[in-house]
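Close look at the chain arrangement
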Amino acid sequence: MKKALLDVLCCPRCLPEERPLRLHAVEEMDSDVADGRLECKACGNDYPIRSGVAHLSPAPASRPGSRYESAPLLSSYLWSHYGDLIPDEEASDAYQCWAGLLAPRPGRALDIGCAVGRFCFEMAARCDLAVGVDSSVSFIRAARTLMQKGSLSFPLVLEGKITRPAGIVLPADWDRSRVEFVVADALALPFRSASFSSVAGLNLIDKLSLPLSHFAEVNRVAASRESQFLFSDPFSWSADSAAPEHWLGGTEAGPYSGRGLENVAAVLTGAKGGLQPAWRIEQTGSVRWKIRTHENHFELIKSRFIKAVR
């Protein structure tokens, strides 16, 4: 974990109180902590740093047997994020499209639900430091390997248990020193208020148990002025992720009945008991992206986006 994060970290278990974390480093390499822990004196909890990965979720990290820690899903997400760099003619240009919506802005950027990190690298070209957070330890380890080495080899699924070696090499002009990744929860972000001038949440809220609470966290960590927020989602609501009464769309009754895009826009602009200070919608649209299960199976997904500023 880069020491540059220490000034903005806080204890996720103590929220909404923003209690500081004290670093106890066991192994350091230049400005990076390879092994150690982060201690909250207020609640007595420790957050480990293992092999450079800071584990800052308020609950224990996802278990090794969970879906988002599996090798096949890691293969799918690596292809989805970096297929154009493998390269694969089936890959999409979605991450370049999303990146094109962000204006260069000084300060830190935050990618919530960063998965294996592609958008963080795109954001780093437009800010001083881009931080990616995800609850999957497997995803964050892969993203940090790319950050540290600039390359990553992995088994790409062809069919069933048959794989072939695949490799990702990041472009030489990507500044990997301006990127960091930590394990964290989108509903309890381990950062102080107003720490980020740019925030993104791509294809995330339909996977969260409390989408409205997530937007409150976005509002807390984003600067109240001169900030930008990029939201994108296919609105694939599922009772497996959240009870329907917590969905921000996709129902015919309740305060958030109707379509997700309109409801999210209302929340961002302060309507329906939404966020304060409110955001101004600058642009809406859609981006198509792909995820690959195996050589003969791809999903084409259309995500609706909102670019907001304040």
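As shown above, the structure is provided for reference.
Residues numbered from 1 in each chain as written. Predicted model: local features only at pLDDT ≥ 70, side-chain atom pairs only at ≥ 80, totals over all residues. Heavy atoms only, no water.

**Considerations on the sheet that holds strand β1 (residues 22-29)**
Applicable threshold: Any two strands with at least two DSSP-identified bridges between them are counted as paired. Under the scheme used here, helices are H or I runs from DSSP no shorter than 4 residues and strands are E runs no shorter than 2 residues, and both carry numbers assigned from the N terminus.
Pairing within the open sheet is antiparallel, and its four strands lie in the order β1-β2-β3-β4. The sheet is open, and its two borders are formed by β1 and β4 (53-54), each paired with just one other strand. Bridge count between strand β2 (residues 32-39) and strand β3 (residues 46-50): four bridges; the pairing is antiparallel. Note that in β3 the partner of Leu38 across the bridge is Tyr47.

**Points about the packing of aromatic side chains**
Defined as follows: Any pair of Phe, Tyr and Trp rings, taking the six-membered ring for Trp, is counted once the centres come within 6.5 Å. Such a pair is stacked with planes under 30 degrees apart, edge-to-face with planes over 60 apart, and tilted for the rest. Throughout this description, buried means an accessible area under 20% of the type-specific maximum (1.4 Å probe, protein chains only), exposed means over 50%, and partly exposed covers the range between.
According to the stated counting rule, one finds 14 aromatic pairs in the structure shown. Taken together, a centroid distance of 6.1 Å and an interplanar angle of 90 degrees make the contact between Tyr68 and Phe139 edge-to-face. Separated by 71 residues along the polypeptide, Tyr68 in the loop between β4 and α1 (71-82) and Phe139 in helix α4 (residues 137-149) bring together distant segments of the chain. Since its relative accessible area comes to 29%, Tyr68 is described here as partly exposed.

**So, the pattern of salt bridges**
Here is the rule we go by: When a carboxyl oxygen of Asp or Glu lies within 4 Å of a side-chain nitrogen of Lys or Arg, that pair is called a salt bridge.
Evaluation of the coordinates by the stated rule reveals 13 salt bridges. One salt-bridge network, in which partners are shared between bridges, spans Glu18, Glu217 and Arg220.

**Considerations on the sheet that holds strand β12 (residues 280-294)**
We count it as follows: For helices, the axis comes from a line fit to the C-alpha atoms of the stretch in contact; other axes are also lines fit to C-alpha atoms, and the angle between any two N-to-C directions lies between 0 and 180 degrees. Should any heavy atoms of two residues lie within 4.5 Å, those residues are counted as being in contact.
The seven strands lie next to each other as β9-β6-β5-β10-β11-β13-β12, forming an open sheet whose pairing is mixed. Bordering the open sheet on either side are β9 (179-183) and β12, each of which pairs with just one other strand. For this sheet, the mean inter-axis angle between neighbouring strands, taken without regard to orientation, is 20 degrees. Two strands pair when backbone bridges link them, and strand β5 (residues 108-112) and strand β6 (residues 129-134) are joined in this way by five bridges, in the parallel orientation. Paired with Arg108 across the strands is Leu129, a residue of β6. Along the sheet, α1 makes contact with β12 and β13 (297-309), crossing β12 at roughly 130 degrees.

**Section: the pairing of β1**
Taken together, the seven bridges between β1 and β2 define a ladder with antiparallel strand orientation. Considered in β2, the bridge of Met29 is made with Asp32. What sits between β1 and β2 in their antiparallel hairpin is a turn of two residues, with Asp30 showing a positive phi close to 55 degrees.

**Considering α1**
Operational definition: Expected helix span is taken as 1.5 Å per residue step, with the number of steps being one fewer than the number of residues. Pairing of N or O atoms within 3.5 Å defines a polar contact, subject to two protein rules: one partner must be a possible hydrogen donor and the other a possible acceptor, and residues neighboring in sequence count only if both atoms are side-chain atoms.
Here α1 is 12 residues long and its end C-alpha atoms lie 16 Å apart, about the 16 Å a rise of 1.5 Å per residue gives. Within α1, 10 of the 12 residues are buried, which leaves it mostly tucked inside the rest of the structure. Those residues of α1 lying buried are Leu73, Leu74, Ser75, Ser76, Tyr77, Leu78, Trp79, Ser80, His81 and Tyr82. Sitting at the amino-terminal end of α1 is Ser70, which places a side-chain oxygen 3.3 Å from the backbone nitrogen of Leu73.

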